[in-house]
Structure formats: structure tokens, C-alpha cells
Amino acid sequence: MSLDLAGLGRYLVGLTTYVERWGVEIGHLPSLDRDPDDVIGFVIEGRLPATTGPGAEIILRERWSPDAGRWERSEYAYELIDHELASRRAFHQHDSEAFIRRFRVVVHEHCEGVLGSPDRLHYAGLPVLDGYDGARRLLAIWVDPGGISCEGLTCLEA
Amino acid sequence: MNRRFYTPREVAEMLGVSTTTVLKLIHDGSLPGIRVSERIYRIPIPAFERFQAGGAAPSFTPQVRRVERLEPLGEGEELPRRRESPVDVIR
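We now turn to the structure provided with this report. (Residues numbered from 1 in each chain as written. Chains lettered and ligands numbered in written order. Predicted model: local features only at pLDDT ≥ 70, side-chain atom pairs only at ≥ 80, totals over all residues.)

What to know about the overall build of chain A
Here is step 1 of the chain: Regarding its fold elements, chain A presents three helices and nine strands.
Here is step 2 of the chain: The order of α-helices and β-strands along chain A, N terminus first, is β-α-β-β-β-β-β-β-α-β-β-α.
Here is step 3 of the chain: The C-alpha radius of gyration of chain A comes to 16 Å, within 12% of the 15 Å expected for a compact globule of 158 residues.
Here is step 4 of the chain: For chain A, the spread of C-alpha atoms along the principal axes amounts to about 45 × 40 × 20 Å.
Here is step 5 of the chain: The buried share of chain A, taken over its 158 residues, is 39%. (Helix = DSSP H or I, 4+ residues; strand = E, 2+ residues; numbered from the N terminus. Rg over C-alpha atoms; globule rule 2.2 N^0.38 Å. Buried ≥ 20, exposed ≤ 12 C-beta atoms within 10 Å, placed from the backbone.)

Shown next, in the form of C-alpha cells:
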């Protein structure tokens, strides 16, 4: 996916609106942050309300790298932190060179059945198409009556 | 764990419509729903409440900000170390 700056702005607005429609309460409106190398990043942080207790956080982070006047998504980190169940699930693509060198994978996942004490550090995963796909996957995990389960995931460090 | 979703049938009862209508709302994107299998859908309770509240979320124009540095993704995460080669081990 390659976008110009205006397209990237529309993508950010669309993604923010999309997660709001799922009932996620957005803390503050996200911005496009551009660093001196012209890499653009954004963070969408929101909360899934609970009838009681602290609920859950959804955090969508992306990095877009410049390429001939346009930008391509180069890294992402989509996170679900379920405070009610004290567990975490995440889909990541970052530091790809290190992961390719060590595990021959570009993307990885995280799963903490008990928040703060992961059984394993990194799990194998499939690429997440875009932020919409990432949000949808996290919401599907959040509504699962079984909660976050790490069973069936393949540990990269094994 | 508190229940976090409604079934299409439950939503249909609350809205006073048929289950088929609820499934149509999901299919046309009006009502967010998660397809668990071919015939099973879940509607997250916050999504249903947002749907009931009505109205589109206010749009906004994102600011483009110059920053010195972007926070690295995966910060705090232990990155994979290079595997030692047999030569390194022998040494």
C-alpha cells in the first residue's frame, strides 16, 4: 500500500473512525508525526469500556517510510491490553532485519496469558494487511469468551 | 469475565427487528459484527451501544507535526539475538 500525504491523512481519519464505530473510546485525536528522515508515524490509542473494572486498551501504531514522494507502511504494532483479564495480545512488524536474520520471519506476535509474564517472547504470525485488519483481529480476540489464549501459537524461540 | 458481545438474535430482540435484518445490517457495514464462523456472528456490546447512540463519529483533519524522533515500535521488547555460529562456540 502506497499513499501520498493526503491519502495517509485520509487513512488515519478512516481508521480512527472505524475503531470508534466498534465502540472504542479514543483518548485524543491522532496526528501524523514526521521525523527528520521523512518517516511518518501515528498512534491511535483507545479504550474498550467495561461495565465494571478497567476495561481494555487498543493501541494501533504504524510507521510509513518515504518512497519517491509517497509513503509505504514499513512497520506496525497493533496491541490489545486486556486489563480485566490481565492479558495481552499483539501483532508486530518492526526490526525486520533482526527477525529475518534470527528466525527468517518478517512479522511476529506476542501473547501474554498473564500480563507481564509471557510464556515465550515471540510467536510466529501472519502479516496484518492494514490497520483495519489489525483492529478487527484484536476485537475478535477481545469478544472471545475464552479470553486471550496462547495455545496453538508457534513460539519462535523454541 | 463479563459478557462482551450480543448475538444477532439478541440484537434483533432489542431493536424489534428480525435476525435477518440484523445480519443485513452487519453485511452492509452499518452494524459492526465479527464473523466467528459461517453462521455465527458476534456484535461487541460497545459497538452495539455506539450503533444505538447513532450519528457518525465527528471527522477531523489530522495535524502533520515535525518531530525530532519517532518512538521505536516494540520498545522494551527483547529483540532476537544473532544465533552463535559453531565456530563462535568452539572459540
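Having put the structure on the table, let's press on.
Observations concerning the interface of chain A and chain B
Here is step 1 of the chain: Taken residue by residue, the interface counts 42 residues in chain A and 31 residues in chain B.
Here is step 2 of the chain: The biggest single contributor to the side of chain A that touches chain B is helix α1 (residues 5–21) of chain A, with six residues.
Here is step 3 of the chain: Across the side of chain A that touches chain B, the residue classes break down as 20 nonpolar, ten polar and twelve charged. (Contact = placed C-beta atoms within 7 Å. Nonpolar A, V, L, I, M, F, W, Y, C, P; charged D, E, K, R; others polar.)

A look at the sheet that holds strand β1 (residues 5–6) of chain B
Residues and elements named next belong to chain B.
Here is step 1 of the chain: In space, the three strands of this open sheet follow the order β1-β3-β2, with antiparallel pairing throughout. Of all strands in the sheet, those with a lone pairing partner are β1 and β2 (34–35), marking the two edges.
Here is step 2 of the chain: Sheet topology places β1 next to strand β3 (residues 41–44); two bridges connect them, and they run antiparallel. Across the sheet, Tyr6 pairs through a bridge with Ile43, a residue of β3. (Pairing = 2+ DSSP bridges.)

A few points about the pairing of strand β4 (residues 40–48) of chain A
All names here are of chain A.
Here is step 1 of the chain: Where strand β2 (residues 25–26) and β4 come together, two bridges link them in antiparallel fashion. Each residue of the ladder has a partner; that of Glu25, found in β4, is Arg47.
Here is step 2 of the chain: Here two bridges tie strand β3 (residues 32–34) to β4, and the two strands are oriented antiparallel to one another. In the sheet register, Arg34 faces β4, and the bridge partner there is Ile40.
Here is step 3 of the chain: Between the end of β3 and the start of β4, which pair antiparallel, lie five residues, with Asp38 showing a positive phi angle near 70°.

Section: unusual backbone geometry
Residues and elements named next belong to chain A.
Here is step 1 of the chain: Even without being glycine, Asp38 reaches a positive phi, approximately 70°.
Here is step 2 of the chain: In this structure, Asp38 sits in the loop between β3 and β4.
Here is step 3 of the chain: Taking the C-beta count within 10 Å as the criterion, Asp38 has 12 such neighbours and is therefore assigned exposed.
Here is step 4 of the chain: For Asp95, which is not glycine, the phi torsion reads 45° and is therefore positive.
Here is step 5 of the chain: Its place among the elements puts Asp95 in the loop between β7 (87–93) and α2 (96–103).

As for the nonpolar core
Here is step 1 of the chain: Of all hydrophobic cores here, the largest spans 41 residues; its most connected members are Val19(A), Ile58(A), Tyr78(A), Leu138(A), Leu139(A), Trp142(A) and Ile43(B).
Here is step 2 of the chain: Counting residues per element, this core draws most heavily on strand β6 (residues 70–82) of chain A, at six residues. (Core = buried A, V, L, I, M, F, W, Y, C linked by C-beta atoms within 7 Å.)

Quick look at the packing of helix α1 (residues 8–15) of chain B against helix α2 (residues 19–27) of chain B
All names here are of chain B.
Here is step 1 of the chain: Running from N to C, α1 and α2 point in directions that differ by 105°, and their axes come no closer than 8 Å. With respect to their mutual orientation, α1 and α2 come out roughly perpendicular. Along its contact with α1, which presents Pro8, Arg9, Val11 and Ala12, the element α2 presents Thr19, Thr21, Val22 and Leu23.
Here is step 2 of the chain: Grouping the amino acids of the contact of α1 with α2 by side-chain chemistry returns five nonpolar, two polar and one charged. (Axes fitted to C-alpha atoms, helices over the stretch in contact; angles between N-to-C directions. Parallel < 35°, antiparallel > 145°, perpendicular 65-115°, else oblique.)

Everything listed here is a matter of geometry and, on its own, says nothing about what the molecule does.
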